[in-house]
Every structure is written in C-alpha cells, then in structure tokens.
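Read off the chains here:
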Amino acid sequence: MSAAQAYLMAAMPDASLFNFPPTNEPTPLSPAPVAVSFMRPFNIPDNIYQAALDPKVPLTIAALYAVTAKALNKFNASRNKKPWAMSQTRPFFAFVVFHNVLLAVYSAWTFWGMLSGMRRSIPSSTQMGRIWNEGLNYYGWIFYLSKFYEVLDTFIILAKGKFSSTLQTYHHAGAMLCMWAGMRYMSAPIWVFVLVNSFIHALMYTYYTLTAFSIRVPMVIKRTLTTMQITQFIVGATYAILHSFVTYVAPITVTKIATEAIELPAAPADAAMPTATGALDSLKKFIFGSAALDSVASGAVKESALITETSYVAQPCISTANETFAIWLNVLYLAPLTYLFVSFFIASYVKRSTANSKIPGKTNRRLSNVTLAEKAGWDAARGIEREVYGGENMVNGHANGHIEAIEEADEPASTKTNGRARRKA
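Here the residue numbering is sequential within each chain, running from 1 through the sequence in written order. A pLDDT threshold of at least 70 governs which residues receive local features in this predicted model, and a stricter bar of 80 or more applies before side-chain atom pairs are shown or counted, although totals over entire chains, interfaces and linings include all residues. The basis for every side-chain value is the complete set of heavy atoms in the structure, and neither hydrogens nor water enter the calculation.

As annotated in an unreviewed UniProt entry, the protein is Elongation of fatty acids protein from Metarhizium acridum. UniProt positions are given in the numbering used here, feature names are shortened, and annotations may be inferred rather than shown by experiment. Comment text from UniProt for the protein, heading Sequence similarities (unreviewed entry), reads "Belongs to the ELO family." We quote the UniProt Catalytic activity (unreviewed entry) comment for the protein here in full: "an acyl-CoA + malonyl-CoA + H(+) = a 3-oxoacyl-CoA + CO2 + CoA".

This is the structure:
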C-alpha cells in the first residue's frame, strides 16, 4: 500500500463542529504576489484583502441593498409601475449592454482561472491547502466582491418600473454573505460555487447581451441555460454538505532505528587502540552518541537497522467549526431556492396534467406523462429564474414586447399542433 493513498468513509460530523457564532481564527491567507499576467492582472495587497473580509462589509451592504430594494418597490407601486424616464434613454440602454458584457467577460475569466487552478491542484490533492493556494484565494476573493456589483441587476429591473421580488433580494443579499463565509474561513468546498456559478453566469450574461440587441436565441439554448441555473443550486448544495459527512482514513508512516547487540571479543587491557578504530569510535559517537563507545568498552556493539511502521489515522474532511459554519450557511441559503423549484415543478405538473390532458385539434390525442413532466420542468425552471434572476426583465432597456415573445416561444415542441404553438395555460 502506498503511503500517499487515502481512503474515504462516511461518518456523522462531530457535534463540536456546530458552534455559533464563528470565531475570528484563523486569519485568511491572502494570495502571494506573482508576476502580472492576463490571468493575474494585479496583486491584492494583504491589508485590502483582509479588510474586505471583515464581516461588517457584507452585513452592511446586504442590509442597505435589501432596504433600498424594498423602498424602491414601494416607489414603483406608487407610480403604477411606470418606467423611470432614464430607462427610456440611449445611455441607459448602453449601460445595460455594458453591464451584461462586463459580467459575461469577467465570469468567463474567473471560470478559466479557477479551472486552471483545479487542474494544478488535483495531481497534488494530498497537500493540504493546495486548492486554496492554486487560485481559490485569488479568484474566489474577486468573485466575492463581484456579488456586490451584481446588485445592479436589481437596479435595472427597478428602473423599468418592475418590482424586485423578495426571493431575488434574498438571492443577491444571501450570495454576498455565503461567499464571504466561504472565503473568510477558507472553506475549500466554496470552489464549486466559484467554478460552476462563474461558468453559468458567463453564459447567462452573454444571453442577456444578445437579447438586449433583439438577437433571437434558439430555445434549446435558453432551456439548457435555465436548467443549468437551477441544477447548480441542488448539485452545489449537495456537494458542499457531503463534506461534513466524509472522513479521510490516511496512513502515517514512521521510520525508526532499531538496534541489536552483538557480542565481540574483549580487547586486552594493555592493547593499543589502532588509529582506524579510533576513527570508527568517533564516527559511532557522532551518529549514535556516547552509548556506542560504552558498548565497545563492554565487549559489545549495536548493529542498527531501519524499521518502518504504518498506522492509520481518521481525519474529518471538515475539521473546524468555522469551515462547518461556512458550508451550512450556503446549504441553508440554497434550501429555499431548491424548495421553490420543487414547489413550482409540482404545481406546474398538476396544472399541466389537468389542463393539458388533451390537445385540441384533428387528432385530439392525449399527452404522455413524460411530455407533461418535461413541460412542467421547464415551467418551473422559468418561474424560479424570473424570481431569482429577474428573467428577461433585465435584458432590454426599451420594450417589453420582446420579452413576451420569448416567453411565448418557450413552449416545448411536443405541445405544438398544426404548425402553431398554443398559448400557455
């Protein structure tokens, strides 16, 4: 068995890991300075790195964002959801495009940087902190700050006279706190959110950019993107929570020097010690200490040998209360989103099963349960996407007619008859 091998086993997390509130230790390790390049265009000063991870930063910004969003919701309600004058201008449209392009490019850059870091980490995964030092500390920190900028999504929706839903406000505010916890307490599982979410955001904001120019995107791409947005909640939360139930069983090898006494004939008391023997005694004393000379004087020497002993030690994957706090905060944050998705799915399936049990037309044929379930899934995904991300409300600074056209075209092909898509129930 190789000493580098480690095995995983399932185990319940120790109750001592669930302590709240978290402590201030350890201090997060900032990325070491490196030569400037495209993938590392700047180095982050340690004082700035640490200051941004002060808990007062995300708590203050998240609270201000939530209060502002709700206040502007009331403002829009008092105006009967009339778009703000600025939302009808060309500068606003230019801002929407710039915002989406910026986030698309940034997200793609983060994804590639994290992917490269993971490639370097996996071959040396036995080294503690490898993922953190190979890029998570750098790209994860910037990704955390990007969550503050993303609240402009809500501003775009509000400027068009729309409402920011409670779930959308919860989504943006919660993302700030969850990314803060993962980075502040150097919780390795946070890498999955940085990697996967940046990839999906790169596609999502590219889609929003294209739609802003009224470029029609194939529905198969739209459906795939929406599904990916929802799947990341479930897969990400599941992956993160599993870390608390995993224990490594790793071998620890210890090498010892064993000695065995060998009797030698006693030298005559008056015999002179040869020069070579004196040199050997000096060497033995250097290596083994004065005990070696005592053995010679007593007529015995100790022959040495290396003995290797291997023992096995169980170490939980998540070994600190702070890491546990970061993981479970993310899980609890994602739970309502997952619940809403399932609720949308069930409601949509029941609704579709009742309303669409028959398709009007010449054949009057019955839809299969598979088709109904597939359609319900898309309806559920679209519903939660609109709640969490604002849907197409943020893609165009001008007209809403294009939005309605996209929603109408979202009908699965299996429900179309006589060459026309039926309107959604």
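**Considerations on the nonpolar core**
Side-chain atoms within 4.5 Å link the members of a nonpolar core, which is a set of buried Ala, Val, Leu, Ile, Met, Phe, Trp, Tyr and Cys residues. Think of it in three bands: with a 1.4 Å probe and only protein chains considered, a residue is buried below 20% of the maximum accessible area for its type, exposed above 50%, and partly exposed in between. Counting residues in hydrophobic clusters, the biggest one holds 50 residues, and the most contacted among them are Met 114, Trp 141, Tyr 144 and Met 183. Comment: elements are numbered from the N terminus, with helices defined as DSSP H or I runs of at least four residues and strands as E runs of at least two. Taken together, the elements giving at least two residues each to this core come down to α1 (46-52), α2 (56-78), α3 (90-121), α4 (130-149), α6 (166-184), α7 (191-212), α8 (219-242) and α11 (321-355). Every residue pair with non-hydrogen atoms within 4.5 Å of one another is taken to be in contact. The residues touching Tyr 144, leaving out its near neighbours within four places in the chain, are Ala 52, Leu 53, Val 57, Pro 58, Met 176, Met 179, Trp 180 and Met 183. If you look at the next biggest cluster of nonpolar residues, it comprises nine residues, including Met 204, Tyr 207, Tyr 208 and Leu 225.

**Some words on the packing of aromatic side chains**
For any two aromatic rings, the description comes down to two numbers: the centre-to-centre distance and the angle of the planes. The aromatic pairing rule takes the rings of Phe, Tyr and Trp, using the six-membered ring of Trp, and pairs them if the centres are within 6.5 Å, calling planes under 30 degrees apart stacked, those over 60 edge-to-face and the rest tilted. Applying the stated criterion across every chain yields a total of 22 aromatic pairs. Here the aromatic rings of Phe 95 and Phe 155 are separated by 6.3 Å at their centres, their planes lie at 75°, and the arrangement is edge-to-face. Of this pair, Phe 95 sits in helix α3 while Phe 155 sits in helix α5 (residues 152-159); the two residues are 60 residues apart in sequence, bridging distant segments of the chain. Look at Phe 155 and you get partly exposed, because its relative accessible area is 26%.

**Things to note about the packing of α7 against α8**
Two numbers describe how α7 lies on α8: the axes approach to 10 Å, and their chain directions differ by 170°. Here α7 lies roughly antiparallel to α8, going by the angle between them. Crossing geometry of α7 relative to α8 is assigned as left-handed. Each of Trp 191, Val 192, Phe 193, Val 196, Asn 197, Phe 199, Ile 200, Leu 203, Met 204 and Tyr 207 in α7 lies in contact with α8, whose residues at this interface are Lys 222, Leu 225, Met 228, Gln 229, Gln 232, Gly 236, Ala 237, Tyr 239 and Ala 240. For helices, the axis comes from a line fit to the C-alpha atoms of the stretch in contact; other axes are also lines fit to C-alpha atoms, and the angle between any two N-to-C directions lies between 0 and 180 degrees. Each angle receives one of four descriptions, namely roughly parallel if under 35 degrees, roughly antiparallel if over 145, roughly perpendicular if within 65 to 115, and oblique otherwise. Should the near helix be turned counterclockwise from the far one by less than a right angle, the crossing is left-handed, whereas a clockwise turn marks it as right-handed.

**Structural notes on the environment of Leu 329**
Within the secondary structure, Leu 329 is located in helix α11. By relative accessible area, which is 25% here, Leu 329 ends up partly exposed. Beyond its immediate sequence surroundings of up to four residues, Leu 329 is in contact with Leu 177, Cys 178 and Ala 181.

**Focus on unusual backbone geometry**
Residue Pro 21 is reached from Phe 20 by a cis peptide bond, and omega for that bond is 0°. A positive phi angle, close to 50°, is found at Met 186, a residue other than glycine. With respect to the helices and strands, the residue Met 186 is situated in the loop between α6 and α7. Phi is positive for Ser 214, close to 60°, though the residue is something other than glycine.

**Regarding α7**
With 22 residues, α7 should reach 32 Å at 1.5 Å per residue; the first-to-last C-alpha distance of 31 Å fits that figure. Here α7 lies mainly inside the structure; 17 of its 22 residues are buried. Positioned one or two residues after α7, Ser 214 has a phi angle of 60°, which is positive. The length a helix should cover is 1.5 Å for every residue beyond the first.

**Quick word on the packing of α3 against α4**
It is the contact of α3 with α4, at a shortest axis distance of 8 Å, that shows an interaxial angle of 165°. Relative to α4, the element α3 lies roughly antiparallel. For the pair α3 and α4, the crossing hand works out as left-handed. Along the contact surface, α3 presents His 99, Leu 102, Leu 103, Tyr 106, Trp 109, Thr 110, Gly 113, Met 114, Gly 117, Met 118, Arg 120 and Ser 121, while α4 presents Arg 130, Ile 131, Glu 134, Gly 135, Leu 136, Tyr 138, Tyr 139, Ile 142, Phe 143, Ser 146 and Tyr 149. Asp, Glu, Lys and Arg are counted as charged, while Ala, Val, Leu, Ile, Met, Phe, Trp, Tyr, Cys and Pro are counted as nonpolar; the rest, among them Gly, fall into the polar class. Across the contact of α3 with α4, the residue classes break down as 13 nonpolar, seven polar and three charged.

**Observations concerning the confidence of the model for the protein**
A residue-level look at the protein finds 66% of positions with pLDDT of 70 or above and a mean pLDDT of 77. Contacts from residues 271-276, a stretch scored under 50 in pLDDT, to residues over four places away or in other chains number two contacts. Across residues 396-425 the pLDDT falls below 50, and counting only partners more than four positions away or on other chains, this stretch makes 65 contacts in the model. The predictor's confidence in any single residue is recorded as pLDDT, a number from 0 to 100.

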